[in-house]
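# Secondary and tertiary structure notes
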Amino acid sequence: MSDTAQSSFVYVTYIRTAPERLWQALIEPEFTQQFWYGTRQDCTWQVGASWRLMLPDGRVADAGEIIEIDPPRRLVLSWRKEFLPELSAEGYSRLTYALEQQGEMVKLTITHQMDCLESKLIDAVSNGWPVILASLKSLLETGEALEATRRWPEGV
Amino acid sequence: MKSKPKFVYVTYIASTPEKVWQALTDPSVTEKYWFGFHVAANGKAGEYMTAHDPTGKEVHRDLILESDPPHRLSYAWHPLYDEFKHERPSRVTIEITPLKDQVRLTVVHDDFDEGSIVLEKISNGWPAVLSSLKTYLETGRSLAAPSWSATAAAEGSHE
């Protein structure tokens, strides 16, 4: 298929909103805490800035840095799982958000890649992204995130 | 080891399995969010699912492989458009799982022939259709067809 060994997860969703509002929702804690299990991101949102996904109890779930940022169109960051040693060992993955306005909606494409075959991280995020992005879509279209994503699950 | 090409899409909808099932199988509902297409998929295994485009032209006649309302539906996907109709049918499997106050909807599209040109088309198509379905069930309004498919839908998927 390709020259380099790679695992990737690609997800496309269409959301009735404006690119600026979707961008804000992807970044600001008032939004992410609702659709992303109570988490917030610790970042200054500039190229080279460190990026951390913080759990409500203060643990760092994932960390990396901003590789590319072009609001409200494109955001690329490196991403390593921090609190599960087995996944940390794989090193840094790369996450790309691409936003494209189409009339009254935005096409959002998420691409999460790791430079190895059968990445356990990519396997894990493949299960995680669909509910987070479905909840983000619900939040922007109806004002309410999906119930399951409004808080961090107990015991995890 | 080379894995066989397969398209998987999962989404979560604040709705019930019965409403999601009806939305995927009743042409009077699909018309509202599936960009004007009438999809009738309420038959039993061995019967046919049919789809008509907004002009009334029949664009699908798919053998239903499995039907267990409102949980599971599988059909042999065979578009009648000129560029696809000579390909062997691929397979669509839809699973609807009730969770607390929402439904997990999983669409798996697989069993493609080597070199199939259908895979790329459906990889663009399903996210648009399922995004519109979710919006329709949660807000009562659907989404417009994405720019790539507005003409494609009307012209029978020609480039």
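Structure: above.
Everything in this summary refers to the structure shown in the same document.

The helix and strand inventory of chain A stands at four helices and seven strands. Mapped from its N terminus to its C terminus, chain A presents α and β elements in the order β-α-α-β-β-β-β-α-β-β-α. Counting only C-alpha atoms and orienting by the principal axes, one finds that chain A spans roughly 40 × 40 × 30 Å. In chain A, which comprises 156 residues, the share counted as buried stands at 37%. When contacts within chain A are restricted to residue pairs at least 6 apart in sequence, those whose partners lie at least 24 apart make up 47%.

This paragraph deals with the packing of helix H1 (residues 19-27) of chain A against helix H4 (residues 120-142) of chain A. Residues and elements named next belong to chain A. Axis separation between H1 and H4 bottoms out at 11 Å; the angle between their running directions is 130°. When the axes of H1 and H4 are compared, the pair comes out oblique. Crossing geometry of H1 relative to H4 is assigned as right-handed. Facing Arg21, Leu22 and Ala25 of H1, the residues of H4 in contact are Leu136, Leu139 and Leu140.

Take H4 of chain A next. Between its terminal C-alpha atoms H4 of chain A stretches 34 Å, which fits the 33 Å expected from 23 residues at 1.5 Å a residue. Following H4 of chain A by one or two positions, glycine 143 of chain A adopts a phi angle in the positive range, close to 90°.

Proteins that are soluble and globular tend to have nonpolar side chains buried together. Formed by 70 residues in total, the largest nonpolar core has its most connected members in Ile15, Leu22 and Leu136 of chain A together with Val20, Leu24, Leu105 and Leu133 of chain B. Examining the composition of this core, we find that 10 residues originate from one element, H4 of chain A, more than from any other. Leaving out residues up to four positions away in the same chain, leucine 136 of chain A has contacts with Ala25 and Phe35 of chain A.

Counting from both sides, the interface comprises 19 residues of chain A and, opposite them, 19 residues of chain B. Secondary-structure elements contributing two or more residues to the side of chain A that touches chain B are strand S1 (7-15), strand S7 (105-114) and H4 of chain A. Counted by class, the side of chain A that touches chain B contains eight nonpolar, five polar and six charged residues.

Turning to the environment of methionine 105 of chain A, a few remarks are in order. Within the secondary structure layout, methionine 105 of chain A lies in strand S7. When sequence neighbours within four positions are dropped, the list of residues in contact with methionine 105 of chain A reads Tyr14, Ile15 and Arg16 of chain A together with Leu143 and Ala144 of chain B.

Another point: the sheet that holds S7 of chain A. All names here are of chain A. Pairing is antiparallel across the open sheet formed by seven strands, whose spatial order is S1-S7-S6-S5-S4-S3-S2. Each end of this open sheet is capped by a strand with a single partner; those strands are S1 and strand S2 (40-42). Taking the axes of each pair of neighbouring strands and ignoring which way they run, one obtains an average angle of 25° across the sheet. Bridge count between S1 and S7: nine bridges; the pairing is antiparallel. Note on S7: the bridge partner recorded for tyrosine 11 is isoleucine 110. Packed on one face of the sheet, H1 meets S1, S2, strand S6 (93-102) and S7 and runs near 155° to S6. This element, H4, spans S1, strand S5 (74-81), S6 and S7 of the sheet and lies at about 10° to S1.

Taking 1.5 Å per residue, 22 residues should reach 32 Å; helix H3 (residues 118-139) of chain B reaches 31 Å between its end C-alpha atoms and fits that length. Immediately downstream of H3 of chain B, the backbone of glycine 140 of chain B shows phi near 85°, a positive value.

Attention shifts here to the pairing of strand S3 (residues 48-52) of chain B. Residues and elements named next belong to chain B. Burial along S3 is one-sided: Met49 and Ala51 are buried, and none of Tyr48, Thr50 and His52, which face the opposite way, are. As defined by bridge partners, strand S2 (residues 38-40) adjoins S3 across three bridges and the pair is classed as antiparallel. Bridge pairing in S3 places alanine 40 opposite threonine 50. Taken together, S3 and the strand that follows it, strand S4 (residues 58-68), pair antiparallel across an intervening segment of five residues, in which glycine 56 is found at a positive phi of about 95°.

Rules used throughout
- Residues numbered from 1 in each chain as written.
- Chains lettered and ligands numbered in written order.
- Predicted model: local features only at pLDDT ≥ 70, side-chain atom pairs only at ≥ 80, totals over all residues.
- Helix = DSSP H or I, 4+ residues; strand = E, 2+ residues; numbered from the N terminus.
- Buried ≥ 20, exposed ≤ 12 C-beta atoms within 10 Å, placed from the backbone.
- Contact = placed C-beta atoms within 7 Å.
- Axes fitted to C-alpha atoms, helices over the stretch in contact; angles between N-to-C directions.
- Parallel < 35°, antiparallel > 145°, perpendicular 65-115°, else oblique.
- Left-handed = near helix turned anticlockwise from the far one by under 90°.
- Expected span 1.5 Å × (residues − 1).
- Core = buried A, V, L, I, M, F, W, Y, C linked by C-beta atoms within 7 Å.
- Nonpolar A, V, L, I, M, F, W, Y, C, P; charged D, E, K, R; others polar.
- Pairing = 2+ DSSP bridges.

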